[in-house]
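# Overview (structure and organization)
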Amino acid sequence: MSGDERTEVTIDGERLTLTRPHKVMYPDTGFTKAEVIDYYLTVADHLLPHLADRPVTRIRYPNGTSEMKFYEKNAPKGTPEWVRTENLPTPGSSKGRAFTDFVVVERVATLAWLGNLAALELHTTQWKVEQKEEPRHPDRLVADLDPGEGAGMAECVEVALILRDRLAQDGLTAYPKSSGKKGVHLCCPIAAEQTDGVVSDYARRVAYELSEEYGDLITANMRKIHRTGRVFIDWSQNNAAKTTVAPYSLRNLGSPTVSTPLTWDELQSGMDVAMPPETVVSRLESHGDLWAPLLEPGPRVPED
């Protein structure tokens, strides 16, 4: 291995060896692994609070976004001892594991280590690892608005506003972010006092209620045949086994984009919400973390 393929650095007091830092991760723009790591270190102060105490699933792209990817829940072989892991039950695991050693990202050095592993996307649960056993009690309610064929961002925005107002009727405050791709995510802070089943049932109930009222625009049915020309409100993200891409996480397009918190005015303005990393960094410097309110507890969701 040539000298320019290994770089020794000290980050957050930990010694790391960065391998092939100049390897291109995003082929359309030549965005490299070193730039991925630099981005994550730059936004760390705002990203880490949203990852704190949550198991993180990583999506890794060893040869960049145009090549093979794989999902990783378990801490990989060779995980440094200073990286926090939590052994948690994972019933129904596709790999047959009863328990999984999840990575918990709480340090800047851990972000750099994950970047070096080409873990471009970081996805989290809606609950925290202090809840070792099921059922889990989420502190966030999430809705993933996914446009079907024939629908786009304009329809997503329309549905986001409808859903925001419906949630407000039950005392919930929704905060939007771009998915970093073609959709929109809404998230509400809630009290971590109800099971994921209760929260998921509520989200499902609201989604189906709106699909009946706005049948030409909204579907709550997971089958893709029902999504043509409509926006799917994915309420299932509230299941304890599901994860959602974290705010400020990179996504996997040909050029780097970020799942970015937005204001409601921005969402309605028609601006391009699939923002590149440099834009997100500038926004954070100017406006701070628009999702900071999600770090505080919210109300309970209504139950039947």
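All values derive from a computational prediction rather than experimental measurement. Counting restarts for each chain, with residues numbered from 1 along the sequence as it is written. Where totals are concerned, whole chains, interfaces and linings use all residues; where local detail is concerned, this predicted model gives features only for residues with pLDDT of at least 70, and gives and counts side-chain atom pairs only at 80 or more. Side-chain descriptors were evaluated using all non-hydrogen atoms of the structure, hydrogens and water having been removed beforehand.

## Here we look at the sheet that holds strand E12 (residues 184-189)
Short version of the rule: The pairing criterion is simple: DSSP has to find at least two bridges between the two strands. Secondary structure elements are defined from DSSP: runs of H or I of at least 4 residues count as helices, runs of E of at least 2 residues count as strands, and each element is numbered from the N terminus.
Strand order in the open sheet formed by 5 strands is E11-E12-E10-E14-E13, and the pairing between neighbours is mixed. Each edge of the sheet is formed by a strand with only one pairing partner; in this case those strands are strand E11 (175-178) and strand E13 (218-219). Where E11 meets E12, 4 bridges bridge the pair, whose relative direction is antiparallel. Across the sheet, Lys177 pairs through a bridge with His185, a residue of E12.

## What to know about the packing of aromatic side chains
Just so we agree on the cut-off: Classification of ring pairs uses Phe, Tyr and Trp, with its six-membered ring standing for Trp, and accepts pairs whose centres are within 6.5 Å; under 30 degrees between planes counts as stacked, over 60 as edge-to-face, and the remaining range as tilted. Type-normalised accessible area, obtained with a 1.4 Å probe on protein chains alone, sets the label of each residue: buried when under 20%, exposed when over 50%, and partly exposed for intermediate values.
Across all of its chains, the model carries 2 aromatic pairs by this definition. A centroid spacing of 5.8 Å and a plane angle of 75° characterise the contact between Tyr26 and Phe31, whose relative ring orientation is edge-to-face. Take Tyr26 and Phe31: they sit in the same class, and that class is buried. Measuring from ring centre to ring centre gives 5.3 Å for Tyr39 and Tyr40, while their planes differ by 55°; the resulting arrangement is tilted.

## Examining the nonpolar core
Applied cut-off: In this text, buried Ala, Val, Leu, Ile, Met, Phe, Trp, Tyr and Cys residues form a nonpolar core when linked through side-chain atoms within 4.5 Å. Per the annotation, domain bounds derive from an automatic or database assignment of domains.
Counting 75 residues, the largest nonpolar core has Tyr39, Tyr40, Leu47, Leu111, Leu145, Leu163 and Ile233 as its most contacted members. Ranked by the residues each element gives to this core, the list is headed by helix H4 (residues 153-169), at 8 residues. Taken domain by domain, this core gets at least three of its residues from each of domain 1 (6-135 + 244-257 + 274-295) and domain 2 (140-238). Core analysis: the next-biggest nonpolar cluster, separate from the first, contains 6 residues, Leu88, Phe102, Trp127 and Ala240 among them.

## Quick look at the domain arrangement of the chain
Formally: What makes two residues a contact is simply this: any of their non-hydrogen atoms within 4.5 Å. Note on definitions: buried area is the accessible-area loss of two parts on being combined, 1.4 Å probe, summed for both. Put simply, a salt bridge is a Lys or Arg side-chain nitrogen that is within 4 Å of an Asp or Glu carboxyl oxygen. For this analysis, a polar contact is any N or O atom pair within 3.5 Å, provided that within protein one partner can donate a hydrogen and the other can accept it, and provided that sequence-adjacent residues contribute only side-chain to side-chain pairs.
Partitioning the chain into structural domains gives domain 1 (6-135 + 244-257 + 274-295) and domain 2 (140-238). Inter-centroid distance (C-alpha atoms) of domain 1 to domain 2 is 25 Å. Tallying the contact residues gives 19 residues for domain 1 and 15 residues for domain 2. A combined buried area of about 1,600 Å² lies between domain 1 and domain 2, and 58% of that area is made up of carbon and sulfur atoms. By the criterion of area lost to domain 2, the three top residues of domain 1 are Gln126, Trp291 and Leu294, representing 39% of everything that side buries. At the boundary of domain 1 with domain 2, the tally comes to 0 salt bridges. The interface formed by domain 1 and domain 2 holds 7 residue pairs in polar contact (both at pLDDT 80 or more) in total.

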